[in-house]
Every structure is written in structure tokens, then in C-alpha cells.
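Summary of structural features
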Amino acid sequence: MNEKRKLLNKIRQYDFTLKELNLYLDTHPNCPRALAMFRKYKQLRMNAVNEYVSRYGPLMPEQNNDADHWDWIDDPWPWERS
Amino acid sequence: MWQYEKKLQYPVNIKNPNPKLAKVIITQLGGPDGELAASLRYLNQRFAMPYAEVKGLLTDIGTEELAHVEMISAILYQLTKGLSIEEIKASGFDEYFVDHTTGIYPVAASGEPFTAAYFQSKGDIITDLHENMAAEQKARTTYDNILRLADDPDVRDPIRFLRQREIVHYQRFGEGNRTDSNILTSYH
């Protein structure tokens, strides 16, 4: 598995953890353990996304970081086999 | 509002096209218990919800369902990519192909186009939460049936992920239902 896909999978794993905690917190809004876990994984996700964006390009349009080229539209798009 | 992230919630990488399987899996895009109906069900229902917990649940699960619409569409796209006319005829995919080529269009496996009649928004918290719990189980059964029909591990893997999400959503809606029952009983 190449480095790009490995890093994207890491972001997906953090996103999955955060989504699970998000839904759990919707029905348990005062659970201190879930709130602490959410803070922890939010930070891990932020670090992984920053690394991904600087190396491979944006996951969201505002993360464009090439002054001469709008890299948001670069292939592949998510539904394309990678 | 919504913002798009340029990635799938769970990866889809299918090596072998299989139009016959696409004809079945498309029901989770445009069929009676599919992801599009799920997303529209929750995102419409939330406006009538009195309690913050349930407004949050419907917003967040309705949003996740949009990511599932994208995953199912990616599965369909990859299962129907690069087909020859012979493969299209032999698989029975010609019935879809004649109207849509290999474009993604929401229909049930039977060919019926998507309709809002697949879901309800009743303006009643108890009624809507029970509809949602049933909807999650119906979608789970559909995924079980797809797993009975699909051999390809590249297809089974993302389908198993989607099946598992139905169970988690059922669980959370059940908790929302308990919360609202507790609040309602406390008035008596």
C-alpha cells in the first residue's frame, strides 16, 4: 500500500472514531470519557490532515495550497479506483 | 449547510466489473430501503423534533447517509466501468443501459425510479423515531441479502461496513426514543 493511501486510511480511521463518538455524544451529551476521547482524536485527526494536505493536496477546497494551480480538481476523485 | 470532503467514508476498490451485481446493489441507492431515502428521511424529519439530542442525531446520521450514497454510487461506478457490449447483454444490464448508459441513476433493483413515497416525515417524534428504527433494520436485511448474492471480497468489504452502520444507527435511534419517552412520561 502506498504512503498516500496509508495516510488517507489513517484519517478515515480517525474520522470513524470521531463519527462514532459524535453519535454517542448526541445521546450521552455529558459523558466525560467520550468528551475526552473526542478531544484526543480531534487533535490526532488535525495533525494527520495537515500532513496529508501538505503532501498530497486538498481534501476540501479551502485547503488549496498551490498559488499557481487550483489543485482541488486534480484526479483521482473519491469514486475512482486508486 | 454542508461541506464536501474529497474522500469516501470507507474505501471502495473493486478490481473486477460485474454488471449483474450492480443491478442488485443499485437498490441501496434508489430502492425502498436505500441510502438516499435514509438521508432524506432524517434530514427532513429533524425540523419537527422538539429535543436537542434527537435534532443532533437526525442531522448527524442524515449527513452520514449522504456519505453512504456516495459509497454505493462508487461501488456501482466501479462495477460497471469498461464493459463490452457483449458483457452488457449477457448480464441483463442492457435494460438499465438503454436508459442510462452507465450513468448513476437512483432506481430499485426492480427498475422502479426513486420516489419520496419510500419514507415518511410525520411531524411526531414517537412515530418518526419508530419509522427510523424500522428503516435501519430493513436496510440491514437488504445488506444481508446483498451479502448472500455477492462473492467478490472487494464488494463484500464495503457492504459489510455499510451493514454495520445500520446497526449502530438503530442503536442510537433507540436511545433517542428512550430519551424522548422519559421526558414525555415525566409530564404525567
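Residues numbered from 1 in each chain as written. Chains lettered and ligands numbered in written order. Predicted model: local features only at pLDDT ≥ 70, side-chain atom pairs only at ≥ 80, totals over all residues.

1. Regarding the overall build of chain B
- Helices and strands together make up the secondary structure of chain B, namely eight helices and zero strands.
- Across chain B, helices and strands are ordered from the amino to the carboxyl terminus as α-α-α-α-α-α-α-α.
- Rg of the C-alpha trace for chain B: 18 Å, near the compact-globule value of 16 Å for 188 residues, within the 12% margin.
- If one aligns the C-alpha atoms of chain B with their principal axes, the spans along those axes are about 70 × 35 × 30 Å.
- Put simply, chain B has 188 residues, and 39% of those count as buried. (Helix = DSSP H or I, 4+ residues; strand = E, 2+ residues; numbered from the N terminus. Rg over C-alpha atoms; globule rule 2.2 N^0.38 Å. Buried ≥ 20, exposed ≤ 12 C-beta atoms within 10 Å, placed from the backbone.)

2. Quick look at the packing of helix 1 (residues 3–27) of chain A against helix 4 (residues 52–79) of chain B
- It is at 8 Å that the axes of helix 1 of chain A and helix 4 of chain B come closest, and there the two elements cross at 155°. Considering their axes alone, helix 1 of chain A and helix 4 of chain B lie roughly antiparallel with respect to each other. Of the two possible hands of crossing, helix 1 of chain A and helix 4 of chain B adopt the one that is left-handed. For the pair formed by helix 1 of chain A and helix 4 of chain B, the contact residues are Lys19, Asn22, Leu23, Asp26 and Thr27 of chain A on the first element and Glu53, Gly56, Leu57, Asp60, Ile61 and Glu64 of chain B on the second. (Axes fitted to C-alpha atoms, helices over the stretch in contact; angles between N-to-C directions. Parallel < 35°, antiparallel > 145°, perpendicular 65-115°, else oblique. Left-handed = near helix turned anticlockwise from the far one by under 90°. Contact = placed C-beta atoms within 7 Å.)

3. Focus: helix 2 (residues 32–56) of chain A
- With 25 residues, helix 2 of chain A ought to run about 36 Å at 1.5 Å a step, and its terminal C-alpha atoms sit 36 Å apart, in line with that.
- Phi for glycine 57 of chain A, located one or two positions after helix 2 of chain A, is positive at around 105°. (Expected span 1.5 Å × (residues − 1).)

4. Concerning the interface of chain B and chain A
- Taken together, the contact pairs 24 residues of chain B with 17 residues of chain A.
- Only helix 4 and helix 8 (153–185) of chain B provide two or more residues apiece to the side of chain B that touches chain A.
- Per-element accounting of the side of chain B that touches chain A gives the leading share, 11 residues, to helix 4 of chain B.
- Class assignment for the residues of the side of chain B that touches chain A results in eight nonpolar, seven polar and nine charged. (Nonpolar A, V, L, I, M, F, W, Y, C, P; charged D, E, K, R; others polar.)

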